[in-house]
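Here is how the chains run, residue by residue.
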Amino acid sequence: MHNIVVIGAGIVGASIAHHLSRANVNLTVIDALEGPGLGVSAASFGWITCAAGAPDLPEEVYQSRLQAIDDYERLDDEFGGQICAPSKGALVWGGNEAETLDWAQQHEARGSVVRLVNSAALAAMEPMIGDPPALAAHFPREKAVDVQDACALLTRSAYRANAQLIFGQKVFGLEVAGGRVKGVRLMDRTIAADHVVVAAGAQSPEILGEVMPDHSISMSPAALVSLRADVFGLTHIIDGDGLEIRSRRNGELIIASGVENGPEEQIKADLAQHMLAKVCRVFPAIINPRVTSVEIGRRPFLADGRPLVSSADGVEGLILAASHPGVILAPEIARRVVNIVIG
Ligand SMILES: Cc1cc2nc3c(=O)[nH]c(=O)nc-3n(C[C@H](O)[C@H](O)[C@H](O)COP(=O)(O)OP(=O)(O)OC[C@H]3O[C@@H](n4cnc5c(N)ncnc54)[C@H](O)[C@@H]3O)c2cc1C
C-alpha cells in the first residue's frame, strides 16, 4: 500500500486528500496551521469562472475552467449541496454596452453559457443595484465556493476514509535518500512516506529548498474585504462597476480586490473605506453596511507554461502541486496527482 504525505490543507491539498482517500492508500495530511483552509484559501473570493478571465485565454486553459464548473457541480452533489455557496450564476458588465456585448459573444464562442440581460431584467434579478447598466451578461453555470468551508468538508471526508490529519505542525524538511523521497521532518519526529505531495501554496519553495530548486513559484497579493449589512443579500456573483462582490452562505458579503504597495495596515484601512463607499454607491438601498475584516492573501503563481503538477527531477516520489487560480483548478490538480501516484 502506498504511504503518502500531503503537505498543506488549503483547497489544493484538501482536494488532493479527498481524491486520494478514495483509493487504497495510507494517507497523512499535515498543515502548519490549526485547521484546514486557513492559508490563502481563507482569503479567497472562490469564484469558479471563465467570465472573470479574458475571453482570449489559450484553448487548453479555457477548457480547464469550463471543466472546473462541471467538477464543482459534481462535488457539490457528492457533498449534498454543501460545497458551493447558493448562487444563480454570475452577472458581469463592462464600461459600456458594446464592451459587454463583445465580451459576452467572445465567451459564448469559447463554450460558456451566456445570456444577455437588459437593465429591467437585471433590476429584477438583483433589485439592490441602484442604477443597473443597459446590458449585462449572465453566466448561469458559474459558481462560488466558500473556500475555507470547502477545505473542511474535503479533509473531513478524507479523515472518514481513514486519512490521518495533523494540524498545527510545520514540515521543516524532506527526507531524501538514494534518489527517493523517504518522508517529512516535523519538529519532533519524522513521518515515513514513499510519496510526498507539496501543496503548501506560496510556502512550497521553503519546503522544496535545494531538492527541487526549479519550482518557479512566485507570490502575488490580493485582498478580500468582508462586510455585513442589515437585510442585504445577493443571489448572483457580481462583477461590474469596478466591484467583484458576492454573498457567502453565512450572509456576509465579500469583495475581491487587487492591492497597492505600502504598509499593510494602511492598505487595509484604505481598502475598507474605499469598498464601503463603492458598495453604498452601487447598492444605495443598503442599510447599515460595515466592514468586518480585510484580509490580504498571498496567491501562489506559477511561471507561464509550468504544469500544475510536477514531479521532481532526480527525486522519485516527490510531487509539487500548485497553481493559480487555485480554487478553480484544485479538482484537476487532484486528478493529476492521483494519476501520478496510483496510475
Ligand atoms: C482575494 C483573493 C481572491 C481570490 N479569488 C479567487 C477566485 O475567485 N478563484 C480562484 O480559483 N482563486 C482565487 N484566489 C486564489 C486562490 O485562493 C488560491 O490560488 C488558492 O487558495 C491556493 O490554495 P493552496 O491550497 O495552494 O494554498 P493555501 O490555501 O495557502 O494552502 C497551503 C497550506 O499549506 C500550509 N503550509 C505551508 N507551509 C507549510 C509547512 N512547512 N508545513 C505544513 N503546512 C504548511 C499552509 O498553512 C496552508 O494551509 C484568490 C485569492 C485571493 C487572495
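If you're wondering where the values come from, they're calculated on a predicted model, not measured in any experiment.

Quick notes on the rules
Residues numbered from 1 in each chain as written. Predicted model: local features only at pLDDT ≥ 70, side-chain atom pairs only at ≥ 80, totals over all residues. Helix = DSSP H or I, 4+ residues; strand = E, 2+ residues; numbered from the N terminus. Rg over C-alpha atoms; globule rule 2.2 N^0.38 Å. Buried ≥ 20, exposed ≤ 12 C-beta atoms within 10 Å, placed from the backbone. Contact = placed C-beta atoms within 7 Å. Near = placed C-beta within 6 Å. Nonpolar A, V, L, I, M, F, W, Y, C, P; charged D, E, K, R; others polar. Domains from an automatic or database assignment. Expected span 1.5 Å × (residues − 1).

Asks: Help me get a handle on the overall build of the protein chain, residues and values and all.
Replies: On a plain count of helices and strands, the protein chain comes out with 8 helices and 19 strands. Computed over the C-alpha atoms, the radius of gyration of the protein chain is 21 Å, within 12% of the 20 Å expected from 2.2 N^0.38 for a compact globule of 343 residues. Counting only C-alpha atoms, the protein chain reaches 65 × 45 × 35 Å along its principal axes. A buried classification covers 41% of the 343 residues belonging to the protein chain. Counting only contacts in the protein chain whose residues sit at least 6 apart along the sequence, the fraction spanning at least 24 positions is 73%.

Asks: Can you tell me about the site of the ligand, naming the residues and giving the values?
Replies: In the neighbourhood of the ligand, 41 residues make up the surrounding shell, with Gly10, Gly39, Gly201, Gly297 and Gly326 lying closest. Looking at the shell around the ligand, the elements with two or more residues in it are α1 (11-20), β2 (25-31), β13 (217-230), β17 (287-302) and α8 (326-342). Of the residues belonging to the shell around the ligand, the class tally is 26 nonpolar, 12 polar and 3 charged. In this structure, the shell around the ligand is formed jointly by two domains, domain 1 (2-44 + 148-216 + 303-342) and domain 2 (86-142 + 219-299), each of which donates at least three residues.

Asks: Break down the domain arrangement of the protein chain for me, with residues and values.
Replies: As assigned here, the protein chain comprises domain 1 (2-44 + 148-216 + 303-342) and domain 2 (86-142 + 219-299). Computed over C-alpha atoms, the centres of domain 1 and domain 2 are 32 Å apart. In this complex, domain 1 contributes 6 residues to the contact, which on the side of domain 2 involves 7 residues. Here the residues of the side of domain 1 that touches domain 2 are counted per class, giving 4 nonpolar, 2 polar and no charged.

Asks: Summarise helix α5 (residues 147-160); cite the residues concerned and give the values.
Replies: With 14 residues, α5 should reach 20 Å at 1.5 Å per residue; the first-to-last C-alpha distance of 20 Å fits that figure. As for α5, its buried residues are in contact with α1, β2, β8 (164-167) and α8. Positive backbone phi, approximately 85°, marks Asn162, located one or two places after α5.

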